[in-house]
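An overview of the molecular structure
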Amino acid sequence: MASHIIVLGLLVITCSIALASAESPLQDFCVAVPNSPVLVNGFVCKDPNLVQATDFLFAGLNIAGNTSNALGSAVTPVFVTQLPGLNTLGVSLARIDFAPLGVNPPHTHPRGSEIFTVLQGSVEVGFVTSNPGNKLITTVLQSGDAFVFPQGLVHFQKNVGNGNAIALASLSSENPGVIIVANAVFGSNPAISTDVLSTAFQVNQSVIAEIESKF
Ligand SMILES: *[C@@H]1O[C@H](CO)[C@@H](O)[C@H](O)[C@H]1NC(C)=O
Ligand SMILES: *[C@@H]1O[C@H](CO)[C@@H](O)[C@H](O)[C@H]1NC(C)=O
């Protein structure tokens, strides 16, 4: 009886691990071939005999992103698209620059959790739990602080210090994906019908049209 319970317990643990993340790599590496006509879940592998150090190298993370935009922030991603050597490895990163008061707007990564480390400045961060709670978990980070955004949850950052802020985000997928809430809802192509958005946001269609005009 007890052994059945243990076996069941192990089964549950094993299953939840299997469902929670991508399959482990089955070889040392699989450098992405981005333009292959063969489509798989991820990218097909470059011939290992032709692989070079440059396939594993991304240069330029010391360079600040251009924050002269409406949001006052810039993201420099180092995902599998920018760094082919990340393919199948389940990790990636990004540099985020913030002008004073700059915001990285509410967004989610459908395929990865994130550890966000502040390298310079003070950054307000937050994420919102899923239904039905929708609880906001928020704090202000200083240089050297790291904060976790759990996979799939809507989160944001805002520079609340006096100067520019810099952060480095690490993600648990080589292709975490980014869904910026405002762009997805108000800037889709083609647009979601204003009837739908008007009912969803409980405002009239002119308000929806005004918001849509910004995206
Ligand atoms: C930053 O972006 C702005 C707006 O697109 C542009 O006018 C400006 O030239 C850019 N600055 C640099 C240094 O690239
Ligand atoms: C739509 O709602 C806004 C904000 O409540 C209001 O100012 C405006 O008059 C409304 N427009 C129409 C056409 O009802």
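Sequence order as written defines the numbering, with residues in each chain counted from 1. As a convention, the first chain written is A and the first ligand written is 1, with the rest following in written order. Where local features are concerned, this predicted model is filtered to residues with pLDDT of at least 70; where side-chain atom pairs are given and counted, the filter is 80 or more; whole-chain, interface and lining totals use all residues. With hydrogens and water set aside, each side-chain value is computed from the structure's full complement of heavy atoms.

Let us look at the packing of aromatic side chains. We call Phe, Tyr and Trp rings a pair once their centres come within 6.5 Å, taking the six-membered ring for Trp, and we label the pair stacked below 30 degrees between planes, edge-to-face above 60, and tilted otherwise. Using the criterion set out here, one finds six aromatic pairs in the structure. Here Phe 127 and Phe 147 contribute two aromatic rings whose centre-to-centre distance is 6.1 Å and whose plane-to-plane angle is 50 degrees, an arrangement assigned as tilted. On the criterion of sequence distance, the pair formed by Phe 127 in strand β5 (residues 123-128) and Phe 147 in strand β7 (residues 146-149) is long-range, its members being 20 residues apart. Only protein chains enter the accessibility calculation, which uses a 1.4 Å probe. A residue is then buried if its area is under 20% of the maximum for its type, exposed if over 50%, and partly exposed in between. Since its relative accessible area comes to 14%, Phe 147 is described here as buried. Ring plane angle 25 degrees and centroid distance 6.5 Å describe the contact between Phe 186 and Phe 215, whose orientation is recorded as stacked. With a gap of 29 residues between them, Phe 186 in helix α2 (residues 181-186) and Phe 215 in the segment after α4 (205-213) connect regions that are remote in the sequence. We count a stretch as a helix when DSSP gives it H or I for four or more residues in a row; a strand needs E for two or more, and each element gets its number in order from the N terminus.

What follows covers the sheet that holds β5. What makes two strands pair is DSSP finding at least two bridges between them. Here we have five strands laid out as an open sheet, ordered β6-β5-β8-β3-β10, and antiparallel in their pairing. Each edge of the sheet is formed by a strand with only one pairing partner; in this case those strands are β6 (136-141) and β10 (179-180). Bridge count between strand β3 (residues 103-108) and β10: two bridges; the pairing is antiparallel. Across the sheet, the residue bridging to His 107 is Ile 180, located in β10.

Whenever a carboxyl oxygen of Asp or Glu lies within 4 Å of a side-chain nitrogen of Lys or Arg, that contact is scored as a salt bridge. For the structure shown, the criterion picks out two salt bridges. With a shortest N-O distance of 3.0 Å, Lys 46 and Asp 55 are connected by a salt bridge. Its relative accessible area of 9% is what places Asp 55 among the buried residues. The salt bridge involving Arg 95 is made with Asp 97; its shortest N-O contact spans 2.8 Å.

So, on to the confidence of the model for the protein chain. Each residue carries a pLDDT score, the predictor's confidence in it, ranging from 0 to 100. The pLDDT averaged across the protein chain works out to 92; a share of 90% of its residues lies at or above 70. This model gives residues 5-20 a pLDDT under 50, and the stretch forms zero contacts once residues within four places in sequence are excluded. Any pair of residues with heavy atoms lying within 4.5 Å of one another is described as a contacting pair.

The next subject is the site of ligand 2. Residues are classed as near a molecule or strand on a simple rule: at least one heavy atom within 4 Å of it. Around ligand 2, the neighbouring residues are Asn 204, Ser 206 and Val 207. Here a polar contact is recorded for every N or O atom pair within 3.5 Å, except that within protein the pair must consist of a potential hydrogen donor and a potential acceptor, and residues adjacent in sequence are included only if both atoms are side-chain atoms. Here an oxygen atom of ligand 2 sits 2.3 Å away from a polar atom, N or O, in the side chain of Asn 204. Within the complex, the protein chains bury 23% of what would otherwise be the 370 Å² of accessible surface of ligand 2. Computed with the Shrake-Rupley method and a 1.4 Å probe, the accessible areas treat only the protein chains shown as cover for residues.

All right, on to the sheet that holds strand β2 (residues 92-98) then. An order of β1-β2-β9-β4-β7 is seen for the five strands of this open sheet, with the pairing classed as antiparallel. This sheet does not close on itself; its edge strands, each paired only once, are β1 (73-78) and β7. Looking at each pair of strands side by side, their axes are set apart by 20 degrees on average, direction ignored. For strand β4 (residues 114-120) and β7, the ladder comprises four bridges, and the chain directions are antiparallel. With axes taken as lines fitted to C-alpha atoms, and helix axes fitted only over the stretch in contact, angles between N-to-C directions fall between 0 and 180 degrees.

As for its placement among the helices and strands, Glu 212 is situated in helix α4. With residues near it in sequence (within four places) discarded, Glu 212 still touches Phe 186, Ala 191, Ile 192, Thr 194 and Leu 197.

Glancing now at the state of the cysteines. Where two cysteines share a covalent bond between their sulfur atoms, that bond is called a disulfide. Two cysteine sulfurs form what is called a disulfide whenever their separation falls within 2.5 Å. Counted according to the given criterion, the structure contains one disulfide. The partner cysteine of Cys 30 in its disulfide is Cys 45, sulfur to sulfur 2.1 Å. Taking the torsion about the sulfur-sulfur bond, which here is approximately -100 degrees, the covalent link between Cys 30 and Cys 45 counts as left-handed. Taken together, the residues Cys 30 in the loop between α1 (2-20) and β1 and Cys 45 in the loop between α1 and β1 connect sequence positions 15 residues apart.

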